[in-house]
Amino acid sequence: MRPFDYERATDAADAVARAASRPEAVFLAGGTNLVDHLKLGLVEPELLVDISHLPLAAIEQEPDGTLDIGANVRNADLAAHPAVRRSHPLLSRALLSGASGQLRNLATTGGNLLQRTRCVYFQDVTTPCNKRSPGSGCSALGGHTEQHAIFGASQQCIAVHPSDMAVALAALDAQVSLLGPEGVTSMPVTELHRLPGDSPERDTVLDRGQLITGVRIPPPPAGARHTYRKVRERSSFAFALISLAAEMVVEDGVIASARLALGGVAHKPWRARRAEEVLHGAPAITETFTAAAKAELEQARPLEGNAFKVPMARAMIVAALKELAVETT
Ligand SMILES: Cc1cc2nc3c(=O)[nH]c(=O)nc-3n(C[C@H](O)[C@H](O)[C@H](O)COP(=O)(O)OP(=O)(O)OC[C@H]3O[C@@H](n4cnc5c(N)ncnc54)[C@H](O)[C@@H]3O)c2cc1C
Ligand code: SF4
């Protein structure tokens, strides 16, 4: 392991200044992803800026119902918070479907969003990988692709983003709050992660030294019902083959609103906008749900090894929407 310096930041501005002072600085939060990567030699920073003690661990609900979640809120605390369980149960379910109790006690909101892909070749430093070593090639293409993307992949990289929480936040139209050398800014969580294109080494649109300070979730629409589903190779302690966060409002048998995001299918949480377009204003019946799933999956480009994800995602979307509609037809 390459030796590195360690500094503990005193506040968010201090963390950003310290990270900006060195070209190869990284933030350390819970460390559940980063420390593994240090040990594997996937990252070799010259400076670790410890942000785990910054006062960014509060969850507050504003009078209009907006939830303000600090970047250092632990996954376990977020899942268990009464306001989250009441207003956004799919977020609790997504968090509880991830990792293990011990990991969730340590893992933070900011770190969860920025955890890196679980592509086995990315984690094996003996194999070519464009994400780890740009220009070296992609070992997954022509290798094992069961875990890989069916949407938005490129010839450079077919990896998927692993976070369950991010899928729920994408469906809920959450905003990410940021502090960087240029000041305070925010963006929709759906715009935080990027598709691989020709630069798969970049997971997100963040600039160097930008710190996630929190996440804001707007209140759900009245009458919304939610669900989070996840298919994985074993029933716990496993990443999603496919996951789905879904919210729907049905009024008099008609879909007033629907928000869907898929996980395990792309380099970013995949907001299912085409499916949503089919659902809006349509009757809440199985035919509509099937048409919505079809519209979304028409743009899938699976490989031989992960072609099973297309019918799996279709079945998951239809089943989840039927659950939310409490269909009687
Ligand atoms: C065995 C195992 C199983 C797992 N299973 C799942 C699963 O099923 N589903 C799932 O979603 N996750 C799973 N995880 C991943 C786990 O959720 C992440 O490791 C964790 O959320 C990362 O959070 P952290 O605070 O420990 O981040 P760290 O490891 O500290 O950091 C991760 C990255 O984020 C950056 N970072 C951290 N905080 C900030 C910030 N505020 N601003 C800017 N950059 C920041 C760091 O520099 C680093 O690059 C699993 C992990 C393990 C080890
Ligand atoms: S899919 Fe991406 S992360 Fe995996 S080996 Fe290819 S380039 Fe690397």
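Procedures and definitions
Residues numbered from 1 in each chain as written. Chains lettered and ligands numbered in written order. Predicted model: local features only at pLDDT ≥ 70, side-chain atom pairs only at ≥ 80, totals over all residues. Heavy atoms only, no water. Domains from an automatic or database assignment. Buried < 20%, exposed > 50% of the residue type's maximum accessible area, 1.4 Å probe, protein only. Helix = DSSP H or I, 4+ residues; strand = E, 2+ residues; numbered from the N terminus. Polar contact = N/O pair within 3.5 Å; in protein donor to acceptor, adjacent residues only side chain to side chain. Near = heavy atom within 4 Å. Pairing = 2+ DSSP bridges. Axes fitted to C-alpha atoms, helices over the stretch in contact; angles between N-to-C directions. Contact = heavy atoms within 4.5 Å. Salt bridge = Lys/Arg side-chain N within 4 Å of Asp/Glu carboxyl O. Core = buried A, V, L, I, M, F, W, Y, C linked by side-chain atoms within 4.5 Å. Phe/Tyr/Trp six-rings, centres within 6.5 Å; stacked < 30°, edge-to-face > 60°.

### Side note on the domain arrangement of the protein chain
You'll often see interface size given as the accessible area lost when the parts meet.
Okay, so step 1: You can read the domains of the protein chain as domain 1 (5–50) and domain 2 (225–327).
Okay, so step 2: Using C-alpha coordinates to define each centre, domain 1 is positioned 37 Å away from domain 2.

### Remarks on helix H8 (residues 164–171)
Okay, so step 1: Summarising burial for H8: eight of the eight residues are buried, a large majority.
Okay, so step 2: Among the residues of H8, Asp164, Met165, Ala166, Val167, Ala168, Leu169, Ala170 and Ala171 are the ones counted as buried.
Okay, so step 3: A side-chain oxygen of the first residue of H8 lies 3.2 Å from the backbone nitrogen of Met165; this N-cap is Ser163.
Okay, so step 4: With its phi angle positive at about 60°, Asp173 sits one or two positions after the end of H8.

### Section: the site of ligand 1
Okay, so step 1: Residues in contact with ligand 1 amount to 31 residues; listed here are only the nearest, Phe27, Gly31, Thr32, Thr108 and Asp164.
Okay, so step 2: A distance of 2.9 Å is found between an oxygen atom of ligand 1 and a backbone nitrogen or oxygen belonging to Ala29.
Okay, so step 3: Counting residues per element, the ones that place at least two in the shell around ligand 1 are helix H7 (109–113) and strand S8 (211–217).
Okay, so step 4: Take the shell around ligand 1: its biggest share by element is three residues, from H7.

### A few points about unusual backbone geometry
Okay, so step 1: Positive phi values are uncommon outside glycine, yet Asp173 reaches one of about 60°.
Okay, so step 2: Within the secondary structure, Asp173 sits in the loop between H8 and strand S6 (175–180).
Okay, so step 3: The phi angle at Phe237 is positive, at roughly 60°, despite the residue not being glycine.
Okay, so step 4: Locating Phe237 in the fold gives a position in the loop between strand S9 (225–231) and strand S10 (242–251).
Okay, so step 5: With relative accessibility at 45%, the residue Phe237 sits in the partly exposed group.

### Observations concerning the side chain of Asn72
Okay, so step 1: When you line up the elements, Asn72 lands in the loop between strand S5 (67–70) and helix H3 (75–80).
Okay, so step 2: The buried category is assigned to Asn72, whose relative accessible area is 4%.
Okay, so step 3: A distance of 3.3 Å separates a polar side-chain atom of Asn72 from the backbone oxygen of Leu54.

### What to know about the sheet that holds strand S1 (residues 5–8)
Okay, so step 1: An order of S1-S3-S2 is seen for the three strands of this open sheet, with the pairing classed as parallel. Each edge of the open sheet is held by one strand with a lone partner, namely S1 and strand S2 (25–28). Strand-to-strand twist across the sheet, computed as the mean angle between neighbouring axes with direction ignored, equals 25°.
Okay, so step 2: In this sheet, strand S3 (residues 47–50) lies alongside S2 in parallel orientation, the contact comprising four bridges. For Leu28, the partnering residue across the bridge sits in S3 and is Asp50.
Okay, so step 3: Running over the sheet, helix H1 (residues 12–20) touches S1, S2 and S3 and is turned about 175° from S3.

### Here we look at the sheet that holds S6
Okay, so step 1: A sheet is described by the order of its strands in space; here five strands give the open sequence S4-S5-S8-S6-S7, paired in antiparallel fashion. If you trace the sheet from one side to the other, it starts and ends with strand S4 (59–61) and strand S7 (183–188), each paired once. With strand direction ignored, the average angle separating the axes of adjacent strands in the sheet is 20°.
Okay, so step 2: Here four bridges tie S5 to S8, and the two strands are oriented antiparallel to one another.

### Describing the pattern of salt bridges
Okay, so step 1: Enumeration over the complete set of coordinates arrives at 16 salt bridges.
Okay, so step 2: With a closest N to O distance of 2.8 Å, Asp164 and Lys230 form a salt bridge. On the criterion of sequence distance, the pair formed by Asp164 in helix H8 and Lys230 in strand S9 is long-range, its members being 66 residues apart. Here the two residues Asp164 and Lys230 agree in accessibility, since each one is buried.
Okay, so step 3: With a closest N to O distance of 2.7 Å, Arg271 and Asp173 form a salt bridge. Within this pair, whereas Arg271 is found in strand S12 (residues 270–271), its partner Asp173 is found in the loop between H8 and S6, the two being separated by 98 residues in sequence.
Okay, so step 4: For Asp173, a relative accessible area of 32% corresponds to the partly exposed category.

### Focus on the nonpolar core
Okay, so step 1: Counting 49 residues, the largest nonpolar core has Leu78, Leu91, Leu113, Leu169 and Ile217 as its most contacted members.
Okay, so step 2: A domain-level breakdown of this core finds at least three residues from each of domain 1 (5–50) and domain 2 (225–327).
Okay, so step 3: If we ignore the near neighbours within four places in the chain, the residues touching Ile217 are Gly65, Thr66, Leu67, Ile69, His88, Leu91, Leu169, Leu172 and Ala174.

### Digging into the packing of aromatic side chains
Describing an aromatic ring pair means giving the distance of the ring centres and the angle of the ring planes.
Okay, so step 1: According to the stated counting rule, one finds one aromatic pair in the structure shown.
Okay, so step 2: Their ring planes at 5° and their centres at 4.6 Å tell us that Phe151 and Trp270 sit as a pair that is stacked. With a gap of 119 residues between them, Phe151 in the loop between H7 and H8 and Trp270 in strand S12 connect regions that are remote in the sequence. Assigned by exposure class, Phe151 and Trp270 land together as buried.

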